[in-house]
Amino acid sequence: MTPDAYVRLVAGCVLQYPGDYFHDELPRLRAALAGAPAEPAALLGAFLDEAEAQTPIELCAQYTSTFDTRNRRCLYLTWWVDGDTRRRGLSLVRLKRIYRDFGLEYAGEELPDFLPVALEFAARVPEAGTELLQEHRAGLELLRLALTESGSPYARVLEAVCGTLPGPSPETRAEAKALARSGPPQELVGAGSPLEPFGPGIDMPQDLPWPTTPERQTA
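Quick summary incoming for the structure in this document.

Reading the values: rules and limits
Residues numbered from 1 in each chain as written. Predicted model: local features only at pLDDT ≥ 70, side-chain atom pairs only at ≥ 80, totals over all residues. Heavy atoms only, no water. Axes fitted to C-alpha atoms, helices over the stretch in contact; angles between N-to-C directions. Helix = DSSP H or I, 4+ residues; strand = E, 2+ residues; numbered from the N terminus. Parallel < 35°, antiparallel > 145°, perpendicular 65-115°, else oblique. Left-handed = near helix turned anticlockwise from the far one by under 90°. Contact = heavy atoms within 4.5 Å. Phe/Tyr/Trp six-rings, centres within 6.5 Å; stacked < 30°, edge-to-face > 60°. Buried < 20%, exposed > 50% of the residue type's maximum accessible area, 1.4 Å probe, protein only.

## Section: the packing of helix α1 (residues 3-14) against helix α7 (residues 115-124)
Where α1 meets α7, the axes come as close as 8 Å, and the angle between the chain directions of the two elements is 160°. As far as their axial angle goes, α7 and α1 are roughly antiparallel. The interaxial crossing formed by α1 with α7 has left-handed handedness. Two secondary-structure elements touch here, α1 through Ala5, Arg8, Leu9, Ala11 and Gly12 and α7 through Pro116, Leu119, Ala122 and Ala123.

What follows is the structure, encoded as structure tokens:
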């Protein structure tokens, strides 16, 4: 597994609703960061330190107040492109098709554009996953800037995620919006050879709470 994959997996875990068991997972999340590059590992480690200092109720309240569309802090990637329009439904279908083309049948509780879902895909299928995240780079950077402006500790998590993508991050909203005008990369559907479900051959650490935290797991 690549060093960036560890960043994406840990970031995907902490960007889910923390629930009552998040603090129990902290040792395993910290252990996973040992495989990540130093700078994003430090960013994620700082977030984990701050999260550990809060009670589960405080952390859940912080998460709920942080991520919403009213303050333009949304974790659903197609929202940044399509908003709440009919076009978004087609984008969600396309995402499911992309996952399926790489052998990953998505059947989770969240919508397929939920950032932790995309991060899991990017960790399992690095090349295609990086292209997918890069396609939604403008939204990711706008979310990062919004979190930074609000003083949220989650800004460190988005900074770590954006650090796994090629090129520097924009410094302003105008620069981030300009990314959207450059257009998406090449079509992902059909690229590469399909993988078996859940990516055999990828050496996943056995003790990592992945793909979801306990209360998000499905049968």
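## Details of the packing of aromatic side chains
Geometry of an aromatic ring pair is reported as the spacing of the ring centres plus the angle between the planes. A full pass over the atoms with the stated rule returns ten aromatic pairs. Seen in terms of ring centroids, Tyr63 and Tyr154 are 6.0 Å apart; in terms of plane orientation they differ by 75°. Their pairing is edge-to-face. Taken together, the residues Tyr63 in helix α4 (residues 56-66) and Tyr154 in helix α10 (residues 154-162) connect sequence positions 91 residues apart. Overall, the relative accessible area of 1% leaves Tyr154 in the buried class. An aromatic cluster is present here, built from Tyr17, Phe47, Tyr63, Phe67 and Tyr154 joined pairwise through their rings.

Taken by themselves, the reported measurements are silent on function.
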